[in-house]
Amino acid sequence: MQGQNLITDEHRSEVVKWVQEGLPYRQINALIPDDNPLSLANQGFADFIRMSLAANNPTPCVGYNASFVGVIDKICDALIENDMTNHLEKEARYPINLCHSVEDDKVMYSNVEHLNLASNPFLSHDAVSGDHSDALVSCFLIYIHFLLSEAYSTSPVQFSENCAIAPVHRPNQ
């Protein structure tokens with residue numbers, strides 16, 4: 001069975017080179033054509049995304065049209081396998097704050113809007129303003145504020161050095 005590439009044959013070696021050279025994300029973002037970012041994508045996948053956007057479908061890979069089998073089904077399987085929705089809404093038992101800008105020019109705000117934020121008491125959301133880069137600064141400051149807050153210091157879990165979730169040991173409790 002043949003694989004499915006997210007990047008076009010024409011652009012694949014160029015994009016792989018960007019990643020292998022360790023270009024900073026801002027530099028990579030600047031290399032993506034603003035007028036047509038999907039021009040780098042596999043045309044079948046780009047068409048699939050365009051149709052999904054036109055249909056206002058926030059979860060296009062769920063129940064996709066059979067005409068896309070062999071074109072994007074493996075890409076969709078990978079996206080579904082890596083989807084964090086169920087974890088965020090039902091499974092997470094530690095504080096998670098999603099921070100996003102309504103005006104984000106790189107990642108659609110609807111990625112946050114389709115989540116059921118009330119389904120998990122550990123899940124919260126901060127809406128900030130500005131483009132993607134401006135939101136990064138605002139969200140980073142919100143994160144720093146949280147790290148300095150009492151909510152963090154009394155949180156039942158923290159991240160260990162290897163980023164695995166570990167219970168916080170608090171003597172005298």
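Quick caveat: nothing in here was measured; it's all calculated off a predicted structure.

**Things to note about a nonpolar patch on the surface**
A cluster of nonpolar side chains, namely V137, F140, L141, Y143, I144 and L148, defines an oily patch on the protein surface of about 630 Å² accessible area. Looking at where L148 falls in the secondary structure, it is placed in the loop between α7 (132-147) and α8 (150-153).

**Points about the confidence of the model for the protein chain**
Here the protein chain averages 79 in pLDDT, and 85% of its residues register 70 or above. Mean pLDDT across the elements of the protein chain bottoms out in strand β4 (residues 165-167) (45) and peaks in helix α1 (residues 9-20) (90). Contacts of residues 164-173 to residues separated by more than four positions or lying in other chains number 19 contacts, the stretch itself having pLDDT below 50.

**Looking at the nonpolar core**
Grouped together as the largest cluster of nonpolar side chains are nine residues: A41, F45, A46, F48, C61, F68, I72, I75 and C76. Counting residues per element, the ones that place at least two in this core are α3 (43-54) and α4 (73-81). Not counting the four nearest positions on each side in its chain, A41 is found in contact with L6, I7, T8 and A46. Counting seven residues, the second largest nonpolar core, distinct from the first, contains A92, I96, L115 and L123.

**Topic: a negative patch on the surface**
On the surface, a cluster of negative charge is contributed by E103, D105, D131 and D134. Along the chain, E103 turns up in the loop between β1 (96-101) and α6 (110-113). The class for E103 is partly exposed, based on a relative accessible area of 45%.

**Notes on the state of the cysteines**
The final tally for this structure, using the stated rule, is two disulfides. Between the sulfur of C99 and that of C139 lies a disulfide, 1.9 Å long from S to S. Taking the sign of the S-S torsion, about -85 degrees here, the bridge from C99 to C139 comes out left-handed. Placement of C99 in strand β1 and of C139 in helix α7 is noted, with a sequence separation of 40 residues between them. Going through the protein chain in sequence order and numbering each bonded cysteine, the pairs you get are 1-2, 3-4.

**Observations concerning the side chain of N120**
Structurally, N120 is set in the loop between α6 and β2 (123-128). Its relative accessible area of 1% is what places N120 among the buried residues. Reaching out from N120, the side chain makes a polar contact with the backbone nitrogen of F122 at a distance of 2.8 Å. With near-sequence residues (within four places) excluded, N120 lies in contact with H87, L88, E89, K90, E91, A92 and R93.

**Concerning the pattern of salt bridges**
Inspection of every chain in the model, using the stated rule, returns three salt bridges. Among the salt bridges present, the one from D9 reaches R12, with a minimum N-O distance of 2.5 Å. Of this pair, D9 and R12 both sit in helix α1, separated by three residues, roughly a single helical turn. The partner of E21 in a salt bridge is K17, and the shortest N-O contact between them spans 3.9 Å. Classification of K17 as partly exposed rests on a relative accessible area of 48%.

The rules behind these values
- Within each chain, residue numbers correspond to sequence positions counted from 1 in written order.
- Only residues with pLDDT of at least 70 are given local features in this predicted model, and only at 80 or more are side-chain atom pairs given and counted; all residues enter the totals for whole chains, interfaces and linings.
- In computing side-chain properties, one takes all heavy atoms of the structure into account and sets aside hydrogens as well as water.
- Put simply, a patch holds well-exposed residues, over 30% relative accessible area, that have no salt bridge, with like charges counted together within 9 Å and Val, Leu, Ile, Met, Phe, Trp or Tyr side chains within 5 Å.
- In these tables, accessible area is a Shrake-Rupley quantity obtained with a 1.4 Å probe, and a residue counts as shielded only by the protein chains included in the view.
- For this analysis, a salt bridge means a side-chain nitrogen from Lys or Arg found within 4 Å of a carboxyl oxygen belonging to Asp or Glu.
- The way it works is that DSSP assigns letters per residue, a run of H or I at least four long becomes a helix, a run of E at least two long becomes a strand, and they are numbered from the N terminus.
- The predictor rates its confidence in each residue with pLDDT, a number between 0 and 100.
- By definition, residues are in contact when any of their heavy atoms lie within 4.5 Å.
- Definition of nonpolar core: a set of buried residues of the types Ala, Val, Leu, Ile, Met, Phe, Trp, Tyr and Cys, connected through side-chain atoms within 4.5 Å.
- A 1.4 Å probe rolled over the protein chains alone gives each residue an accessible area, and that area as a share of the maximum for its type sets the label: buried under 20%, exposed over 50%, partly exposed in between.
- Counted charges follow a simple rule, with Lys and Arg positive, Asp and Glu negative, and His plus the chain ends left uncounted.
- By convention, the point assigned to a charge is CZ for Arg, NZ for Lys, CD for Glu and CG for Asp.
- Counting rule for disulfides: a pair of cysteine sulfur atoms within 2.5 Å.
- Any pair of N or O atoms that falls within 3.5 Å is considered a polar contact. Within protein, one atom must be able to donate a hydrogen and the other to accept it, and sequence-neighbouring residues count only if both atoms are side-chain atoms.

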